[in-house]
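# Understanding the architecture of this molecule
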Amino acid sequence: MNTEDMSRSLTIKNNDNTFMLYLCSIIRTLIALHNLINNKIHNRDIEKGLTDTKEKEKEKEKEKEKEKDNKETEKAAEKKK
């Protein structure tokens, strides 16, 4: 193996590693920006008083899902009998 090939391969590997770091930092920044936007929307909703209704709707959905799960487990228990 000659020195030029070794130097070229190390340069390519270094470029690839640097690119991955750059790409990861961009993705991390986008996720942080997304979270900031969601936080701003949430705070705006709190100021307007809209959060209470959304939380109540989420609680109702959770209750419906629990009822579905309970019905499914009851049906499965009846089939086993």
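That block above? That's the structure.
My aim in this report is to walk through the structure given alongside it, one point at a time. (Residues numbered from 1 in each chain as written. Predicted model: local features only at pLDDT ≥ 70, side-chain atom pairs only at ≥ 80, totals over all residues. Heavy atoms only, no water.)

### Points about the overall build of the protein
Scanning the protein from N- to C-terminus turns up two helices and zero strands. For the protein, whose C-alpha radius of gyration is 27 Å, the value lies well above the compact-globule estimate of 12 Å for 81 residues. Across the 81 residues that make up the protein, the buried fraction comes to 2%. Looking at the protein as shown, the accessible area adds up to about 8300 Å², and 55% of this sits on carbon and sulfur atoms. Taking the 19 positively charged and 17 negatively charged side chains of the protein as two groups, their mean positions are separated by 2 Å. (Helix = DSSP H or I, 4+ residues; strand = E, 2+ residues; numbered from the N terminus. Rg over C-alpha atoms; globule rule 2.2 N^0.38 Å. Buried < 20%, exposed > 50% of the residue type's maximum accessible area, 1.4 Å probe, protein only. Areas by Shrake-Rupley, 256 points an atom, 1.4 Å probe, with all protein chains shown as cover. Lys, Arg positive; Asp, Glu negative; His and termini not counted. Charge placed at Lys NZ, Arg CZ, Asp CG, Glu CD.)

### Here's the deal with the environment of Thr18
Secondary-structure assignment places Thr18 in helix H1 (residues 3-48). Considered as a pair, Thr18 and Ala77 are 59 residues apart in the sequence and their alpha carbons are 57 Å apart. Only 2.8 Å separates the side chain of Thr18 from the backbone oxygen of Asn14, close enough to count as a polar contact. (Polar contact = N/O pair within 3.5 Å; in protein donor to acceptor, adjacent residues only side chain to side chain.)

### Quick look at a negative patch on the surface
Where like charges cluster on the molecular surface, the negative patch consists of Glu57, Glu61, Glu65, Asp69 and Glu72. With respect to the element layout, Glu72 can be found in helix H2 (residues 51-80). (Patch = residues over 30% accessible without salt bridge, like charges linked within 9 Å, V, L, I, M, F, W, Y side chains within 5 Å. Salt bridge = Lys/Arg side-chain N within 4 Å of Asp/Glu carboxyl O.)

### A closer look at H1
Along its 46 residues, H1 runs 68 Å from first to last C-alpha, staying within 8% of the 68 Å computed at 1.5 Å per residue. Gly49 occupies a position one or two residues after H1 and carries a positive phi of about 85°. (Expected span 1.5 Å × (residues − 1).)

### Re the environment of Lys75
The topology assignment puts Lys75 in helix H2. Separated by 12 residues in sequence, Lys75 and Glu63 place their C-alpha atoms 18 Å apart.

### With respect to a nonpolar patch on the surface
On the surface, a cluster of nonpolar side chains totalling about 1100 Å² of accessible area is made up of Phe19, Met20, Tyr22, Leu23, Ile26, Ile27, Leu30, Ile31, Leu33, Leu36, Ile37 and Ile41. Tracing the sequence through the fold places Ile41 in helix H1.

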